[in-house]
Amino acid sequence: MTVNLSKGQAINLQKSDGGALTAVRMGLGWQAAPRRGLFGRRTQEIDLDASAVLFAGQQPVDVVFFRHLVSDDGSVRHTGDNLVGGAGQGGDDEAILVDLQRVPVHIDQIVFTVNSFTGQTFAEVQNAFCRLVDETNGQELARYTLTGGGQYTAQIMAKVHRQGSGWQMTALGTAANGRTFQDLMPSITPHL
């Protein structure tokens with residue numbers, strides 16, 4: 001059963017049988033919004049990028065994104081860059097896999113971001129979502145829909161953080177501006 005998350009909502013990452021999750025996938029999907037042009041409806045390709053920033057306390061210690069596909073310790077892996085989107089109806093255009101059992105103990109939170117590398121605003125995107133999937137069985141656990149468009153170029157989507165002996169996910173959904181995860185660091189810091 002999928003939980004549709006709203007901004008700020010948190011869920012414990014557990015399997016339906018109560019056991020702890022061992023591997024999750026953060027999926028991102030989107031479509032370019034059609035625009036009316038001189039010759040009818042047309043769409044423009046939009047390059048959204050998913051990133052995962054690994055933190056030890058307040059300090060970023062590693063990042064996974066389209067130019068660094070695997071974390072230094074191997075626990076987090078990006079499946080590759082999608083330059084145009086298109087799924088936006090349930091399938092993932094980009095995904096980041098997290099092996100929660102392999103995340104080093106000093107890493108206490110992983111923040112997922114989405115940014116428009118080509119600089120279009122989210123007003124030009126439709127059917128965009130971020131979802132968390134149990135990678136061991138493909139079950140969707142949570143979905144956060146990017147709604148409302150807006151004149152921003154990035155979003156701090158969610159974070160996965162240690163909670164006792166397990167993990168918890170919090171939907172953040174904070175609008176930001178920037179073309180890369182580096183541009184977003186000032187917007188990430190308040191959520192740590």
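Quick notes on the rules
- Residues numbered from 1 in each chain as written.
- Predicted model: local features only at pLDDT ≥ 70, side-chain atom pairs only at ≥ 80, totals over all residues.
- Heavy atoms only, no water.
- Core = buried A, V, L, I, M, F, W, Y, C linked by side-chain atoms within 4.5 Å.
- Buried < 20%, exposed > 50% of the residue type's maximum accessible area, 1.4 Å probe, protein only.
- Helix = DSSP H or I, 4+ residues; strand = E, 2+ residues; numbered from the N terminus.
- Contact = heavy atoms within 4.5 Å.
- Pairing = 2+ DSSP bridges.
- Salt bridge = Lys/Arg side-chain N within 4 Å of Asp/Glu carboxyl O.
- Phe/Tyr/Trp six-rings, centres within 6.5 Å; stacked < 30°, edge-to-face > 60°.

Draft legend 1. Structural context of the nonpolar core. Among the nonpolar cores identified, the biggest contains 35 residues, and Leu48, Val76, Val98, Ile110 and Phe112 are the most heavily contacted of them. Of all the elements in the fold, those that place two or more residues in this core are β3 (23–32), β6 (48–56), β9 (94–99), β10 (109–116), β11 (125–134), β12 (139–145), β13 (154–163) and β14 (166–176). What Val98 contacts, discounting residues up to four positions off in sequence, is Thr22, Ala23, Val24, Ser75, Val76, Val103, Ile110 and Phe112.

Draft legend 2. How the structure looks around the pairing of β9. With five of six residues buried, β9 is to be regarded as a mostly interior element. The pairing of strand β8 (residues 76–78) with β9 spans three bridges and is classified as antiparallel. Its bridge partner being in β9, Val76 is matched across the sheet by Val98.

Draft legend 3. Representation of the pattern of salt bridges within the structure. Scanning all chains against the criterion turns up two salt bridges. Linking Glu135 and Arg25 is a salt bridge whose minimum nitrogen-to-oxygen distance equals 2.8 Å. Here Glu135, found in the loop between β11 and β12, pairs with Arg25, found in strand β3; they are 110 residues apart in sequence, far enough to count as distant. Classification of Glu135 as partly exposed rests on a relative accessible area of 33%. Taking the shortest distance from any N to any O, the salt bridge between Arg131 and Glu140 comes out at 2.9 Å. Judged by relative accessible area, Arg131 falls into the buried class, the value being 12%.

Draft legend 4. Focus on the pairing of β12. A large share of β12 lies buried, amounting to five of its seven residues. By the bridge criterion, six bridges tie β11 to β12 in an arrangement that is antiparallel. Looking across to β12, one finds that Leu132 is bridged to Ala142. Two successive antiparallel strands, β11 and β12, enclose a turn made up of four residues, where Gly138 displays a positive phi of approximately 80 degrees.

Draft legend 5. Inspection of the packing of aromatic side chains at higher detail. In the structure shown here, the tally under the stated rule is three aromatic pairs. Between the aromatic rings of Phe66 and Phe117, the centroid separation amounts to 5.3 Å while the plane-to-plane angle is 75 degrees, which identifies the pairing as edge-to-face. With Phe66 in the loop between β7 (59–64) and β8 and Phe117 in the loop between β10 and β11, this pair connects stretches of sequence that are 51 residues apart. Aromatic ring contacts, followed pair by pair, group Phe65, Phe66, Phe117 and Phe181 into a single cluster.

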